[in-house]
Amino acid sequence: MKVKIINESHHPLPQYATEQSAGVDLRANLDEPITLQPLQRALVPTGLRIALPAGFEAQVRPRSGLALKHGITVLNTPGTIDADYRGLIGVILINLGQEPFVIQDGERIAQMVIAQHEQAEWELAETLDETERGDGGFGHSGRK
């Protein structure tokens, strides 16, 4: 699939790290470093704009290494970029770690996965089909 992209950053275009990678890394596009204190959040610019085809979205997800090593994650995981959005892509990062974390220009801060989706057409009903689970939720299946 071809996706139009405008790169207003001074970094290379996002790339897939391996032939089987689902996501591309997004990089911080900063004039100066951002220090995230514990429990602090910030909108980190990427300098990228994209035009997705109709029926697709881009999901912005945390990078596992930043989460494990530093407690840095994407606050609204997954963040959704709709096919009709043309603005700059920003990533809301939060520091859930115990130490300040400095985000440097060019640092890989998140990953982006392109996914196909459909829109639901709601059909009003008086009842829903019966299932084995029924209305059991939140912990219904127990610990295994």
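It should be emphasised that the depicted structure is a prediction, and the values quoted were computed from it without experimental measurement. (Residues numbered from 1 in each chain as written. Predicted model: local features only at pLDDT ≥ 70, side-chain atom pairs only at ≥ 80, totals over all residues. Heavy atoms only, no water.)

1. Things to note about the side chain of Thr46
Move 1: By the secondary structure assignment, Thr46 is in the loop between β4 (41–45) and β5 (48–51).
Move 2: With a relative accessible area of 2%, Thr46 lands in the buried category.
Move 3: Within the local environment of Thr46, its side chain forms a polar contact with the backbone nitrogen of Leu48, the two atoms lying 3.2 Å apart.
Move 4: Among the polar contacts made by the side chain of Thr46, one reaches the main-chain carbonyl oxygen of Ile89 at a distance of 2.7 Å.
Move 5: Setting aside anything within four residues of it in sequence, one finds Thr46 in contact with Ser9, Leu26, Arg27, Asn29, Ile89 and Val91. (Helix = DSSP H or I, 4+ residues; strand = E, 2+ residues; numbered from the N terminus. Buried < 20%, exposed > 50% of the residue type's maximum accessible area, 1.4 Å probe, protein only. Polar contact = N/O pair within 3.5 Å; in protein donor to acceptor, adjacent residues only side chain to side chain. Contact = heavy atoms within 4.5 Å.)

2. With respect to the side chain of Asn29
Move 1: Mapped onto the secondary structure, Asn29 falls in the loop between β2 (23–27) and β3 (34–36).
Move 2: Among the polar contacts made by the side chain of Asn29, one reaches the side chain of His10 at a distance of 3.3 Å.

3. Notes on the pairing of strand β6 (residues 56–61)
Move 1: In terms of residue burial, β6 counts as a mostly covered element, since five of its six residues are buried.
Move 2: Sheet topology note: the β6/strand β11 (residues 108–116) ladder contains six bridges and is antiparallel. Of the residues in β11, the one forming a bridge with Arg61 is Gln111.
Move 3: Sheet topology note: the β6/strand β8 (residues 79–81) ladder contains three bridges and is antiparallel. When the sheet's bridge partners are listed, Ala58 is paired in β8 with Ile81. (Pairing = 2+ DSSP bridges.)

4. A look at a nonpolar patch on the surface
Move 1: On the surface, a nonpolar cluster with roughly 260 Å² of combined accessible area is contributed by Leu43, Leu75 and Ile92.
Move 2: Secondary-structure assignment places Ile92 in strand β9 (residues 90–95).
Move 3: For Ile92, a relative accessible area of 31% corresponds to the partly exposed category. (Patch = residues over 30% accessible without salt bridge, like charges linked within 9 Å, V, L, I, M, F, W, Y side chains within 5 Å. Areas by Shrake-Rupley, 256 points an atom, 1.4 Å probe, with all protein chains shown as cover. Salt bridge = Lys/Arg side-chain N within 4 Å of Asp/Glu carboxyl O.)

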